Amino acid sequence: QFGKLELQILNELPKSLRSEVLMMNQHLFNKHPFVAGDGDEFFVCEIVKILIPRMYSPNEIVVLRNSPLDCLFLIRFGKVNILARDDKSTVTSLLASEFFGAFEFFFDTVFEHTYKTGTFAELVVLEKRAFDNLLSNPRLNDVHKAVHETIDKIKVEMEKVKEMKKRQARPPRSDNDH
C-alpha cells in the first residue's frame, strides 16, 4: 500500500519507471471489462501510463452528487462510502479492487450519489480524455471496437429497462377503456 510520501515519489518518477511500478498493481483493472482491454498486452502496458494514483483522508469527498466528472475510480486500498440522497447516511461501501464511476465515465452522465472515503484510501483514477486518446491508437482498433460494442449493448439493455419501467408505471386499464 502506498502512503503519501510514496505517491509523491511515484509521481516524480519518469513515466517508464512509474509504469513499471503501476504494472505491479495490474490486478486492479484486469477484472474490469472496460479497462482490461480484452487482455491485449499493449493496451495493458499503455493504460498503466495514464492511471493517476490519489490519496484520500478519512471522510474526504471524492465526488459530489450531480457532478459531471469524467473519471473512473479504482480503489487500491481503503473504503469509499456511497451516500444516500441526504448526503449523510451510507447506502453501501466499496473496498479494495472495487470501482465506481463507470456508468458516468462511459455514458456522459452525472454522479447520482456523493462518494466519500470511510478510511484512508488510495484510488487510481482513469480520466476519460486520456482513455479516449489511448483508444485512438491504431494498434488498439480491436480494443476500441470491443469497448464500443459493449457500451452499445449496455445502452440497448438500458433502453429496454427504461421502457419496461414506463409500462409498469402506467395505470392499469379499466374495463371502460375498451
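Residues numbered from 1 in each chain as written. Predicted model: local features only at pLDDT ≥ 70, side-chain atom pairs only at ≥ 80, totals over all residues. Heavy atoms only, no water.

Another point: the side chain of T114. By secondary structure assignment, the location of T114 is in the loop between α6 (102–107) and β7 (115–117). A polar atom in the side chain of T114 sits 3.0 Å from the backbone nitrogen of R65. If we ignore the near neighbours within four places in the chain, the residues touching T114 are I61, V63, L64, R65, N81, I82, L83 and D87. (Helix = DSSP H or I, 4+ residues; strand = E, 2+ residues; numbered from the N terminus. Polar contact = N/O pair within 3.5 Å; in protein donor to acceptor, adjacent residues only side chain to side chain. Contact = heavy atoms within 4.5 Å.)

Within the fold, N81 resides in strand β4 (residues 80–83). Assessed through its relative accessible area of 11%, N81 is described here as buried. A polar contact of 2.5 Å, which involves the side chain of N81, links it to the side chain of S93. (Buried < 20%, exposed > 50% of the residue type's maximum accessible area, 1.4 Å probe, protein only.)

All right, on to helix α8 (residues 141–169) then. End to end, α8 covers 42 Å across 29 residues, agreeing with the expected 42 Å (1.5 Å per residue, within 8%). Every buried residue of α8 is listed here: V143, V147 and I151. (Expected span 1.5 Å × (residues − 1).)

Looking now at the packing of aromatic side chains. All told, the structure shown has seven aromatic pairs when counted by the stated rule. Ring centres 4.8 Å apart and planes at 10° place the aromatic pair F73 and F100 in the stacked group. In this pair, F73 sits in strand β3 (residues 71–77) while F100 sits in strand β6 (residues 99–100), placing the two residues 27 residues apart along the sequence. Given a relative accessible area of 1%, F73 falls into the buried group. According to the relative accessible area criterion, F100 is buried, its value standing at 4%. Grouping aromatic residues by their ring pairs yields a cluster made of F73, F100, F111 and Y115. When the ring centre of F105 is taken as reference, the NZ or CZ atom of K128 above it lies at 5.5 Å. (Phe/Tyr/Trp six-rings, centres within 6.5 Å; stacked < 30°, edge-to-face > 60°. Lys NZ or Arg CZ within 6 Å of the ring centre and 35° of its normal.)

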